Amino acid sequence: MNNISPLAYVHPEAKLGDGNTIGPFCVIDKDVVIGDNNTLVNNVTLHQGTRMGSGNEIFPGASISTKPQDLKFRGEITTCEIGDNNSIRENVTISRATASKGKTVVGSNNLFMENMHIAHDCEIGSGCIIGNSTKIAGEVIIDDCAILSACVLVHQFTHIGSYVMVQGGAKIPMDVPPFIILGKEPTRYCGLNLVGLRRRGFANERIDKIHEAYRFLYSKGLRSEAIEEIKKLGMNEDLEYIVNFVESSKRGIMR
């Protein structure tokens, strides 16, 4: 049974699971599907195209599956897909997709802090923390367990790897390889995210090998030379991730 405030509006075509709490002045539009045990505190809007899992907590002023801020959008039917157990704080906005990808995707167990924005066609992994007022432009990919501090600006089409730590106020016009810290002014590579990796249970031997890979990547003049040196270290899952990330980068990586 759902607990729906009499001051909330739920469109008759919306599909709700069980055990959801819908607070006062929330609006759930048509073509919305949500799972079980979600909490919409108050003044939350789920626009058409929302597809939400279970156990999410959404705070006042949040607006999910908003119309894309893209002049190419022509009203096509698209979605914004949210996983499970996310904390979506006050005034967060997440846009649904355009025809480019057809869906904006957010994983599970993320914390999205107050006033941050995720634009159309983005793909956000799981276990991420994204700080207050950070703005993520269209078609950005963020892998699992990334941390972006407050007021970060992310350029469209960029790719941010797993286990990164991005300093508050950073501007990101290029791809951010996994496992690193990005900071200073202008924004640049600042070494491995050692504290974050250790907190996530990375053994010293594993960290040492990642460190060696980045020593080559940021000391060699040519990307191809660096990759060849990394491959000589003896490939494992972490190094394969780094090599594949760098080789597939279309915008180039932050230096």
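For the structure itself, look to the data block above.
Residues numbered from 1 in each chain as written. Predicted model: local features only at pLDDT ≥ 70, side-chain atom pairs only at ≥ 80, totals over all residues. Heavy atoms only, no water.

Caption draft 1: The overall build of the chain, seen in detail. Within the chain, the regular secondary structure consists of four helices and 28 strands. Computed over the C-alpha atoms, the radius of gyration of the chain is 20 Å, within 12% of the 18 Å expected from 2.2 N^0.38 for a compact globule of 255 residues. Counting only residues that meet the buried cut, the chain has 47% of its 255 residues in that class. Long-range pairs, those at least 24 residues apart, make up 29% of the contacts in the chain between residues at least 6 apart in sequence. Summing over all exposed atoms, the chain offers an accessible surface of approximately 11,700 Å²; the carbon and sulfur share of this is 51%. Counting 27 positive and 29 negative side-chain charges, the chain places the averaged centre of each group 6 Å from the other. (Helix = DSSP H or I, 4+ residues; strand = E, 2+ residues; numbered from the N terminus. Rg over C-alpha atoms; globule rule 2.2 N^0.38 Å. Buried < 20%, exposed > 50% of the residue type's maximum accessible area, 1.4 Å probe, protein only. Contact = heavy atoms within 4.5 Å. Areas by Shrake-Rupley, 256 points an atom, 1.4 Å probe, with all protein chains shown as cover. Lys, Arg positive; Asp, Glu negative; His and termini not counted. Charge placed at Lys NZ, Arg CZ, Asp CG, Glu CD.)

Caption draft 2: Seen up close, the nonpolar core. Of all hydrophobic cores here, the largest spans 62 residues; its most connected members are Leu46, Ile94, Phe112 and Ile142. Among the secondary structure elements, those contributing two or more residues to this core are β12 (79-82), β27 (180-183), α2 (204-217), α3 (223-231) and α4 (237-248). In terms of residues, this core owes the most to one element, α2, which gives six residues. Residues contacting Leu46, with those up to four places away along its chain left out, are Val27, Ile28, Asp29, Val32, Ile34, Leu40, Met52, Ile58 and Ile64. (Core = buried A, V, L, I, M, F, W, Y, C linked by side-chain atoms within 4.5 Å.)

Caption draft 3: Inspection of the sheet that holds strand β10 (residues 57-58) at higher detail. Strand order across the open sheet formed by 11 strands is β1-β4-β7-β10-β13-β16-β19-β22-β25-β27-β28, with mixed pairing between neighbours. The sheet is open, and its two borders are formed by β1 (3-4) and β28 (188-192), each paired with just one other strand. As judged from the two bridges shared by strand β4 (residues 21-22) and strand β7 (residues 39-40), these two strands associate in the parallel manner. The residue of β7 that forms the bridge with Ile22 is Leu40. (Pairing = 2+ DSSP bridges.)

Caption draft 4: Region of the structure containing the pattern of salt bridges. Applying the stated criterion across every chain, the model contains eight salt bridges. In this structure, the salt-bridge partner of Asp31 is Arg51, at a minimum N-O distance of 2.7 Å. Of this pair, Asp31 sits in the loop between β5 (27-28) and β6 (33-34) while Arg51 sits in strand β9 (residues 50-52); the two residues are 20 residues apart in sequence, bridging distant segments of the chain. (Salt bridge = Lys/Arg side-chain N within 4 Å of Asp/Glu carboxyl O.)

Caption draft 5: Representation of α2. Given a rise of 1.5 Å per residue, 14 residues ought to cover 20 Å, and the 20 Å separating the end C-alpha atoms of α2 matches this to within 8%. Within the span of α2, buried status applies to Ile207, Ile210, Ala213, Tyr214, Phe216 and Leu217. (Expected span 1.5 Å × (residues − 1).)

Caption draft 6: Representation of the packing of α3 against α4. With their axes 11 Å apart at the nearest point, α3 and α4 run at an angle of 165° to one another. With respect to their mutual orientation, α3 and α4 come out roughly antiparallel. Where α3 crosses over α4, the handedness of that crossing is left-handed. Mapping the contact onto sequence places Arg223, Ile227, Ile230 and Lys231 in α3 and Leu239, Val243, Val246 and Glu247 in α4. Looking at side-chain class alone, the contact of α3 with α4 contains five nonpolar, no polar and three charged residues. (Axes fitted to C-alpha atoms, helices over the stretch in contact; angles between N-to-C directions. Parallel < 35°, antiparallel > 145°, perpendicular 65-115°, else oblique. Left-handed = near helix turned anticlockwise from the far one by under 90°. Nonpolar A, V, L, I, M, F, W, Y, C, P; charged D, E, K, R; others polar.)

Caption draft 7: Up close: unusual backbone geometry. Between Glu185 and Pro186 the backbone carries a cis peptide bond, its omega angle lying at 0°. Of note, Phe25 is a non-glycine position whose phi angle comes to about 65°, a positive value. In this fold, Phe25 is placed in the loop between β4 and β5.

Caption draft 8: Expanded view of the packing of aromatic side chains. Per the counting criterion, the structure on display carries eight aromatic pairs. Arranged with centres 3.9 Å apart and planes meeting at 10°, the rings of Tyr189 and Tyr218 form a pair that is stacked. You can see Tyr189 sitting in strand β28 and its partner Tyr218 sitting in the loop between α2 and α3, a full 29 residues away along the chain. Accessibility expressed as a relative area gives 22% for Tyr189, which makes it partly exposed. One aromatic cluster is present, formed by Tyr163, Phe179, Phe202, Tyr241 and Phe245 through successive ring pairs. Across the ring face of Phe59, the terminal group of Arg89 is positioned such that the distance to the ring centre comes to 3.9 Å. In this structure, Arg215 is placed above the aromatic ring of Phe216, and the distance from its NZ or CZ to the ring centre is 4.7 Å. (Phe/Tyr/Trp six-rings, centres within 6.5 Å; stacked < 30°, edge-to-face > 60°. Lys NZ or Arg CZ within 6 Å of the ring centre and 35° of its normal.)

Caption draft 9: Inspection of the sheet that holds strand β20 (residues 135-136) at higher detail. Here we have nine strands laid out as an open sheet, ordered β2-β5-β8-β11-β14-β17-β20-β23-β26, and parallel in their pairing. In the strand order of this sheet, the two ends are held by β2 (9-10) and β26 (171-172), each with one partner. Examined bridge by bridge, strand β8 (residues 45-46) and strand β11 (residues 63-66) share two bridges and lie parallel to one another. Bridging from a neighbouring strand, Thr45 pairs with Ser63 of β11.

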